[in-house]
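Below, each chain spelled out in residue letters.
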Amino acid sequence: MANPLEKQMIAEFNVPVEMRDGIVLRANIYRPYGDGTWPVLLTRTPYGKDNVPYIFNDIPRAVKTGYVVIIQDTRGRFASEGDWDPILSANKETSDSQDTINWAAKLPYSNGQVGMFGISYYAFTQWAGMIQNPTFLKVAAPALSWSDPFDGLMYRGGAFELGLLSYWQLGMYLDTLSRLYPDEQERAIASKQLISDIDQLKTEIKGLPLKNFALFARNKVAPSILELFERGMDQDYVDALSLKGKYDKFIVPTLNIAGWYDIFLQGTIENFLQMRNKGGSPEARQSKLVIGPWQHLDHSHQAGEINFGLAAHSAFVDLVGLQLRWFDHFLKGRDTGIISEAPIKLFVMGENIWRDEYEWPLARTKFIPYYLHSQGHANTLQGDGVLSTISPDQEEPDHYTYDPLNPVITKGGAIMMPPDFNSGAFDQREIESRDDVLVYTTPVLEEDVEVTGPIKVKLWASSSALDTDFVARLVNVHPDGYAQNITDGIIRARFRNAAKGEAPSLIEPGKTYLYEIDLWSTSNLFKQGHRIRLDITSSNFPRWDRNSNTGRNFGEDQAKDVVVARQTIFHDAEHPSSIILPIIPRS
């Protein structure tokens, strides 16, 4: 029996699209059977157009509802011509996206209306396409996308995103090797070496100095990461990847999709906020936001060790259908009701429900400081650290030693790293048993406490080093002691005033400074019987690179150069260290 789809969908593969400089990119096209014209849904990817895009993973459904779906390999990837580099190619994505949009709009079966979709790099190519406001592009749905490359993509709080970039760039070896090594024998040798490198990444990543990262120095798959080591936080170098200060140029409305455990959570929220407030057209200012308890590559109901219930699954909430309603409104002129709905749909973890909201932060938020307390012995789970809304008076500070050669190991969180390091929620008690981790916990909650919104830690601290790091983690302690990581953040001391526009500067050993650590955002109900916890330490490796504490330039220190730092955390009347929690009244 013939497949019914054969009469509903026509598929064309490796369709050529010539760019303005003569380079030919290739795309797969899926379109309705028969005569007629339809709006186009376009995505552009460096991961291979034959792979189904995450989130929007039901191409037949889109075609059956009257769309042409086009998936294109970006320049220098898979079936497309040209050269690819994760940073340098970003400068080409704007013109390539614009040329592809114009081509798609003029296909004989296109009605001239184009929308874009996709996650992560697919999302970036959407923003790149929107920046020049091509006439035919009417709507977009960028999911899990960054805003500022120095806030989660390449750096975070001044610390290098070592785990993400090393794993991601090495993972781009598919297709890259065949281009670098046309000779089959040479390619086989290079492939064998690279597979070994990836298998050994967990060990290799510990090597110093970082600028001579042997794993990258001996293969040609990820040369640009070495360039990043050299350039550090050079805004001009990554400007093509950044959306900062550009939102007034975007006139296309965006449906922004995020995950509480996603590597680009804050970037997606920022994109939504800026589009609502500064978008370059009334339509752009109708942009919307959806946030589930999702990870970057997993949008199910499970995040790490925690099952958030079937309602959390992207399929259960019909995320594909939500996007199609979004596209139907702007590409087909249908009143799907989506514009009249609340601009924000978020999932409250712990309570495990979806809720509509109208602003971010929520208007009813009460930002309440929870202060650090102890008698000077907050080290480990067995310490005397307490977290409460009572401001401190005279208390002894806490101390710990940070040894860069014995860092706190990454366990879960908003990460995308080698398979041995899983993202999402995991029990933190093993980490909290270390003497170089300070643990501050509230008494058992007598009633539910909802924390929804942006979270910051204000930490008064000193160090014996010229430069160092401070890491903060918000934890949900279950009645049985299970310590579920909710969100975290880091600040590199020399970048302590970067948010104020100040240049990086070393610290004076022994001097007390106020550090603000951005933990991004979350939505979690700390249930009655649970406890709220804050962990303070100086490393989360290999998610972020280790600070060698020497004060020298980024990545130069060898293992013999590292300095052990004595860290002091103050919590007294003059130095009231705290975590500012966005509390949502429950009555």
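Being a predicted model, the structure only gives us computed values, none of them experimental.

Definitions and cut-offs
Residues numbered from 1 in each chain as written. Predicted model: local features only at pLDDT ≥ 70, side-chain atom pairs only at ≥ 80, totals over all residues. Heavy atoms only, no water. Salt bridge = Lys/Arg side-chain N within 4 Å of Asp/Glu carboxyl O. Helix = DSSP H or I, 4+ residues; strand = E, 2+ residues; numbered from the N terminus. Buried < 20%, exposed > 50% of the residue type's maximum accessible area, 1.4 Å probe, protein only. UniProt positions renumbered as here; feature names shortened; annotations may be inferred. Contact = heavy atoms within 4.5 Å. Phe/Tyr/Trp six-rings, centres within 6.5 Å; stacked < 30°, edge-to-face > 60°. Lys NZ or Arg CZ within 6 Å of the ring centre and 35° of its normal. Domains from an automatic or database assignment. Buried area = accessible area lost by both parts, 1.4 Å probe. Polar contact = N/O pair within 3.5 Å; in protein donor to acceptor, adjacent residues only side chain to side chain. Core = buried A, V, L, I, M, F, W, Y, C linked by side-chain atoms within 4.5 Å. Axes fitted to C-alpha atoms, helices over the stretch in contact; angles between N-to-C directions. Parallel < 35°, antiparallel > 145°, perpendicular 65-115°, else oblique. Nonpolar A, V, L, I, M, F, W, Y, C, P; charged D, E, K, R; others polar.

The final tally for this structure, using the stated rule, is 37 salt bridges. Its salt-bridge partner being K332, residue D328 comes within 3.7 Å of it at the nearest N-O pair. Taken together, the positions of D328 and K332, both in helix α12 (residues 319-332) and 4 residues apart, correspond to about one turn of that helix. By relative accessible area, which is 11% here, D328 ends up buried. A salt bridge links E432 to R533, with the shortest nitrogen-to-oxygen separation between them at 2.7 Å. In this pair, E432 is assigned in helix α13 (residues 429-432) and R533 in strand β23 (residues 531-537), connecting sequence segments 101 residues apart. There is no split in this pair, since E432 and R533 are both buried.

Per the UniProt record, "domain: Xaa-Pro dipeptidyl-peptidase C-terminal" (unreviewed entry) is found at residues 324-580. Secondary structure within residues 324-580 divides into 5% helix and 37% strand; the distance between the first and last C-alpha atoms comes to 38 Å.

Bringing the environment of Q132 into the picture now. Residue position: Q132 is located in the loop between α3 (121-130) and β6 (137-143). Note on Q132: relative accessible area 47%, which makes it partly exposed. With 34 residues separating them in the primary sequence, Q132 and Q98 have C-alpha atoms 7.5 Å apart. Aside from chain neighbours lying at most four places away, what touches Q132 is T94 and Q98.

Right, let's talk about the packing of aromatic side chains for a bit. Applying the stated criterion across every chain yields a total of 20 aromatic pairs. Geometrically, the ring pair formed by F160 and F554 is tilted, given 5.5 Å between the ring centres and 55° between the ring planes. Within this pair, whereas F160 is found in strand β8 (residues 159-160), its partner F554 is found in the loop between β23 and β24 (565-570), the two being separated by 394 residues in sequence. F554 carries the same exposure label as F160, and that label is buried. Through a chain of ring-to-ring contacts, three or more aromatic side chains come together here, namely Y121, F124, W146 and F264. Above the plane of the ring of W84 lies R77, whose end atom (NZ or CZ) is 5.0 Å from the centre. Here the basic side chain of K332 rests over the ring of Y67, its NZ or CZ set 4.1 Å away from the ring centre.

The next point concerns the domain arrangement of the protein chain. When cut into domains, the protein chain gives domain 1 (9-151 + 240-357), domain 2 (159-232) and domain 3 (366-550 + 561-584). Taking only C-alpha atoms into account, the centre of domain 1 sits 29 Å from that of domain 2. When domain 1 packs against domain 2, the two sides together hide about 1000 Å² of surface, and 61% of this comes from carbon and sulfur. Where domain 1 touches domain 2, the interface holds 1 salt bridge. Between R77 and D175 there is a salt bridge whose closest N-O contact spans 3.9 Å. Put simply, domain 1 and domain 2 have 7 residue pairs in polar contact (both at pLDDT 80 or more) between them.

Moving on to helix α6 (residues 173-180). Note that an α-helix has 3.6 residues per turn; residues three or four places apart therefore point the same way. Of all the positions in α6, only D175, T176 and L177 are classed as buried. For α6, the secondary structure elements touched by its buried residues are α7 (184-199).

Here the focus is helix α5 (residues 162-171). For α5, the buried fraction is high: 8 of the 10 residues fall into the buried class. Buried residues of α5: L162, G163, L164, L165, S166, W168, Q169 and L170, and no others.

Before going further, it helps to spend a moment on the nonpolar core. For soluble globular proteins, nonpolar side chains are generally found buried alongside one another. Counting 59 residues, the largest nonpolar core has L459, I536, I569 and I579 as the members making the most contacts within it. At 7 residues, strand β22 (residues 513-526) tops the list of elements feeding residues into this core. Among the domains, domain 1 (9-151 + 240-357) and domain 3 (366-550 + 561-584) are the pair contributing at least three residues each to this core. With sequence-adjacent residues up to four places away left out, I579 is seen in contact with I368, P369, Y370, L387, I455, K456, V457, L474, L519 and L534.

Here we take up the packing of helix α2 (residues 90-105) against α3. Here α2 crosses α3 at 75°, and the two axes come no closer than 8 Å. Put simply, α2 runs roughly perpendicular to α3. Contact residues: A90, E93, T94, S97 and I101 in α2; Y121, F124, T125, A128 and G129 in α3. Of the residues contributing to the contact of α2 with α3, the split by class is 5 nonpolar, 4 polar and 1 charged.

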